[in-house]
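# Close look at the chain arrangement
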Amino acid sequence: MMYRILYGSDLHGSNAYFRKFIAAAMQYKANALMIGGDVTGKAMSPIIHQGGGRYIGHLFGRKEELTTTQELEKFKVTVGNVGFYPIILEKDEAEVMEKDPKLLNKRFEQEMVGRVGEWMALFEEKLAPQKLTLYFMPGNDDLFSIDAEIAMYPHVKNPDMTCLQLESGNELVGLSYCNMTPWACERDIEEPQMEEKLNTLAGMIQKPETAIAMLHCPPFDSGIDVCPELDKNIKIVTTGGQVIMKPVGSTAVRGFIEKVQPMLGLHGHIHEAPGHTHIGRTLCINAGSEYAEGIMKAAIINIEGDKVKGHLLISG
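My aim in this report is to walk through the structure given alongside it, one point at a time. Source: prediction; values computed, not measured. Residue indices begin from 1 for each chain and proceed along its sequence in written order. This being a predicted model, a pLDDT of at least 70 is required before a residue's local features are given, and a value of 80 or more before pairs of side-chain atoms are given or counted; all residues contribute to the totals for chains, interfaces and linings. The basis for the side-chain values is all heavy atoms of the structure; hydrogens and waters are excluded.

### Some remarks on the overall build of the protein chain
Looking only at helices and strands, one finds 7 helices and 22 strands in the protein chain. Computation of the radius of gyration draws on C-alpha atoms, with the globule rule given as 2.2 Å multiplied by the number of residues to the power 0.38. In terms of overall size, the protein chain behaves like a compact globule, its C-alpha atoms giving a radius of gyration of 20 Å where 316 residues would be expected to give roughly 20 Å. Per-residue burial over the protein chain gives 51% buried out of 316 residues. With residues, only the protein chains shown are counted as cover, and all accessible areas are computed by Shrake-Rupley using a 1.4 Å probe. Accessible surface, the protein chain as shown: approximately 14,600 Å² in total, 52% of it carbon and sulfur. Charge convention: Lys and Arg are scored as positive, Asp and Glu as negative, and His as well as the terminal groups of each chain are ignored. Charged side chains are reduced to one point each, which is NZ for Lys, CZ for Arg, CG for Asp and CD for Glu. The protein chain carries 31 positive and 41 negative side-chain charges, and their two centres are separated by 4 Å. Helix numbers and strand numbers start at the N terminus; a helix is a DSSP run of H or I with at least 4 residues, a strand a run of E with at least 2. Between buried and exposed lies partly exposed: a residue is buried under 20% and exposed over 50% of the maximum accessible area for its type, with that area taken using a 1.4 Å probe on protein chains only.

And the structure:
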């Protein structure tokens, strides 16, 4: 019997993305929803109370003066849709937070965990009654406190460093970690550590020919891991006005796929490289990401037993 997966990755806190993802699952009649990492946003967006009913906020360098409740709520929605966290502060609160990095980081973490919780609750309300499961995994950008929030919801499962049995009978393993990036993110580790974790996952798989590996980092030199090259100052490298592109995926992930040969590899991490490729018998997919524009990029994948019967990249 055919089993349909809706897969996406790299939401980075975008409310617009997650709501569209939920709607797409209903539209395309998915049997399972899968999110493959980097689920939290990159910044808070303070909205400072100026007194009375007047507030000032900034988004992408543009100042917004908000004088009505409707304007304030609309701006908060806009901020949330691009993946940021709107926080309303009095002037003195903003000054204290700006001078106290620990307080700032604590509030940022609360906002990230809180939004993930809102998404999980939305899924439980909209789709859990239809007996659907959300397989929701953090990525290298995400704090470990996110994992505890995910675990609180009965119809949401985190495949990171474990092997789960899908309703279709296929096994699902996951890895949230990535090889080192210039930003030294929360779950960036060296390739030997990646290899150790992937070897652990390989030992959990009973039937590789029907298994799905949701590995946030794509395999090295696969075509779905290509992004602009950066110099030591994290600036994009150009030659003759052209951006230099290079593969940045994981050699350990590629080794795992070449050795284990799961039926399907689901990846993310590199926003600029949507597409698919085969490594041996394994179909590897990166849906890409344009979360900052409020665009949902995802993949619909139909599987049956040990075969991927078809897949389609969607955007909306």
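Having seen the structure, we can now continue with the description.
### Brief notes about a negative patch on the surface
There is a patch of like negative charges on the surface, built from Glu 90, Asp 92, Glu 93, Glu 95 and Glu 98. Tallying contributions element by element places helix H3 (residues 91-99) first for the negative patch, with 4 residues. Relative to the helices and strands, Glu 93 resides in helix H3. Overall, the relative accessible area of 40% leaves Glu 93 in the partly exposed class. What goes into a patch is any residue over 30% in relative accessible area without a salt bridge, connected to like charges within 9 Å or, for nonpolar side chains (Val, Leu, Ile, Met, Phe, Trp, Tyr), within 5 Å. Think of a salt bridge as a Lys or Arg side-chain nitrogen and an Asp or Glu carboxyl oxygen that are within 4 Å of each other.

### Section: the pattern of salt bridges
For side chains bearing opposite charge, pairing can occur when the charged atoms are close. Under the criterion given, the structure shown has 11 salt bridges. Put simply, Lys 307 and Asp 306 hold a salt bridge, and the shortest N to O gap is 3.5 Å. Shared partners join several salt bridges into a network, and the residues in it are Arg 54, Lys 63 and Glu 65.

### Observations regarding the environment of Gln 130
Within the element layout of this structure, Gln 130 appears in the loop between helix H4 (101-126) and strand S7 (133-137). Among the residues examined, Gln 130 registers a relative accessible area of 47% and is labelled partly exposed. Considered as a pair, Gln 130 and Gly 275 are 145 residues apart in the sequence and their alpha carbons are 30 Å apart.

### So, the packing of helix H6 (residues 191-204) against helix H7 (residues 251-260)
The axes of two packed helices give the description: the angle between them and the distance between them. Look at H6 against H7: their axes get within 8 Å of each other, and the N-to-C directions meet at 30°. One finds that H6 runs roughly parallel with respect to H7. Read as a crossing pair, H6 and H7 show a hand that is right-handed. In this structure, H6 contributes Glu 191, Met 194, Glu 195, Leu 198, Asn 199 and Ala 202 to the contact, and H7 contributes Thr 251, Ala 252, Val 253, Phe 256, Lys 259 and Val 260. Any residue outside Ala, Val, Leu, Ile, Met, Phe, Trp, Tyr, Cys, Pro, Asp, Glu, Lys and Arg is labelled polar, Gly included; the first ten of those are nonpolar and the last four are charged. Residues of the contact of H6 with H7, tallied by class, amount to 7 nonpolar, 2 polar and 3 charged. Convention adopted: a line fitted to C-alpha atoms gives each axis, helices being fitted over their contacting stretch, and angles between N-to-C directions are expressed from 0 to 180 degrees. Here the angle decides the label: under 35 degrees means roughly parallel, over 145 means roughly antiparallel, 65 to 115 means roughly perpendicular, and every other value means oblique. Should the near helix be turned anticlockwise from the far one by less than a right angle, the crossing is left-handed, and should it be turned clockwise, the crossing is right-handed. The contact definition used throughout considers only heavy atoms, calling two residues in contact when any of these lie within 4.5 Å.

### Some words on the sheet that holds strand S22 (residues 307-315)
Spatially, the 6 strands line up as an open sheet ordered S8-S7-S2-S1-S21-S22, and their pairing is mixed. Only two strands of the sheet have a single partner each, and these edge strands are strand S8 (156-157) and S22. Here H4 sits on the sheet and contacts strand S2 (32-36), S7 and S8; the angle it forms with S7, its principal contact strand, is near 165°. At least two bridges found by DSSP between two strands are what make those strands a pair.

### Focus: the packing of helix H1 (residues 15-27) against H4
As a packed pair, H1 and H4 sit with axes 11 Å apart at the nearest point and diverge in direction by 15°. Taken together, the axis directions place H1 and H4 in an arrangement best described as roughly parallel. Remark: the crossing between H1 and H4 carries right-handed chirality. Residues Asn 15, Phe 18, Arg 19 and Ile 22 of H1 form the contact with H4, whose own contacting residues are Arg 115, Trp 119, Met 120, Leu 122, Phe 123 and Lys 126. Across the contact of H1 with H4, the residue classes tally to 6 nonpolar, 1 polar and 3 charged.

### Concerning the side chain of Asn 158
Relative to the elements of secondary structure, Asn 158 occurs in the loop between S8 and strand S9 (163-165). Side-chain polar atoms of Asn 158 contact the side chain of Asp 147, separated by 3.4 Å. Throughout this description, a polar contact denotes any pair of N or O atoms lying within 3.5 Å of each other; where both atoms belong to protein, one of them has to be capable of donating a hydrogen while the other can accept it, and for residues adjacent in sequence the pair is counted only when both atoms sit in side chains. At 3.0 Å, the side chain of Asn 158 and the backbone nitrogen of Asp 160 are in polar contact. Leave out the neighbours within four places in its chain, and Asn 158 touches Phe 136, Met 137, Pro 138, Asp 147, Ile 150 and Leu 164.

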